[in-house]
Amino acid sequence: MNIADNLYVAFDYRLTLDSGEEVDRSPDNQPFGFITGAGQIVPGLEKGMMGMKVGDRSKITVAPEDAYGQVNPSLIGDVPRSHFPPGMELKPDMMFQSQGPDGDISARIIEVKDKDTVVVDLNHPLAGKTLHFNINIVEVRKPTSEEISGLFSCSGCGGAEDSDCGSCSGCS
């Protein structure tokens, strides 16, 4: 069966950046599963998988526009130090979670300007980056009713449960 819309697909993957740095991978013997057309993985990766079948391997390069978008400068700004827990040591590149109107938001500290101001970036950590996936398709089938109903219990968080980058999505 070839990958098409509304099918369950499981695949092993390794995700690297242009530099060759590995930023994510599926755990051994635990392929990542999703339902095509449900918006569970970055669009460019899903598009690159269409037509593949079990046993197919591929290197798929995904441009920022088909992944997490370009860096949006309006999502970088000053935040008062008082918005962080007292006594918390703040450092550049520190990642943290915050509450937004639609749920949790991942953010990164860019700079601690002074004792009262912190510069924060709310862009996805992979925004502006070209993603390189090495994938191996291990399963393609019709989704079960449980898998379909699970789509509606997900908040669409866009972050893998055990990954800092959230490259392939999932719910946390």
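Residues numbered from 1 in each chain as written. Predicted model: local features only at pLDDT ≥ 70, side-chain atom pairs only at ≥ 80, totals over all residues. Heavy atoms only, no water.

### Let's talk about the pairing of strand β8 (residues 117-121)
- Counting buried residues in β8 gives 5 out of 5 residues, a clear majority hidden from the surface.
- Taking every second residue as pointing to the same face, both faces of β8 are buried, with T117, V119 and D121 on one and V118 and V120 on the other.
- Where strand β5 (residues 76-80) and β8 come together, 5 bridges link them in antiparallel fashion. Across the sheet, residue D78 finds its bridge partner in β8, namely V119.
- Sheet analysis places strand β7 (residues 103-112) next to β8, joined by 4 bridges and oriented antiparallel. Of the residues in β8, the one forming a bridge with V112 is V118. (Buried < 20%, exposed > 50% of the residue type's maximum accessible area, 1.4 Å probe, protein only. Helix = DSSP H or I, 4+ residues; strand = E, 2+ residues; numbered from the N terminus. Pairing = 2+ DSSP bridges.)

### Quick notes on the nonpolar core
- Membership of the largest hydrophobic core comes to 23 residues, with the highest contact counts inside it found for F11, L45, M49, L131, F133, I135 and I137.
- By residue number, the principal contributor to this core is strand β9 (residues 131-141), which donates 5 residues.
- Counting 7 residues, the second-largest nonpolar core is a separate cluster that includes L90, A107, I109 and V120. (Core = buried A, V, L, I, M, F, W, Y, C linked by side-chain atoms within 4.5 Å.)

### A short note on the sheet that holds β5
- Taking strand neighbours across the sheet as the criterion, the 4 strands line up as β5-β8-β7-β6 in an open arrangement whose pairing is antiparallel. Of all the strands in the sheet, just β5 and β6 (95-100) have a single pairing partner and so form its edges. For this sheet, the mean inter-axis angle between neighbouring strands, taken without regard to orientation, is 45°.
- Relative to β7, β6 runs antiparallel, the two sharing 6 bridges. Counterpart to F96 in the pairing with β7 is A107. (Axes fitted to C-alpha atoms, helices over the stretch in contact; angles between N-to-C directions.)

### Points about the packing of aromatic side chains
- This model, assessed by the stated rule, comprises 5 aromatic pairs.
- Where F11 meets F34, the ring centres are 5.8 Å apart and the plane angle is 90°; that geometry is what we call edge-to-face. In this pair, F11 sits in strand β1 (residues 8-16) while F34 sits in strand β3 (residues 32-35), placing the two residues 23 residues apart along the sequence.
- Under the relative-accessibility criterion, F11 is labelled buried at 0%.
- With a centroid separation of 5.2 Å and 70° between ring planes, the pair formed by F84 and F96 is classed as edge-to-face. On the criterion of sequence distance, the pair formed by F84 in the loop between β5 and β6 and F96 in strand β6 is long-range, its members being 12 residues apart.
- Judged by its relative accessible area of 16%, F96 is buried.
- Taken together, the ring pairs in this structure connect F11, Y13, F32, F34 and F133 into an aromatic cluster. (Phe/Tyr/Trp six-rings, centres within 6.5 Å; stacked < 30°, edge-to-face > 60°.)

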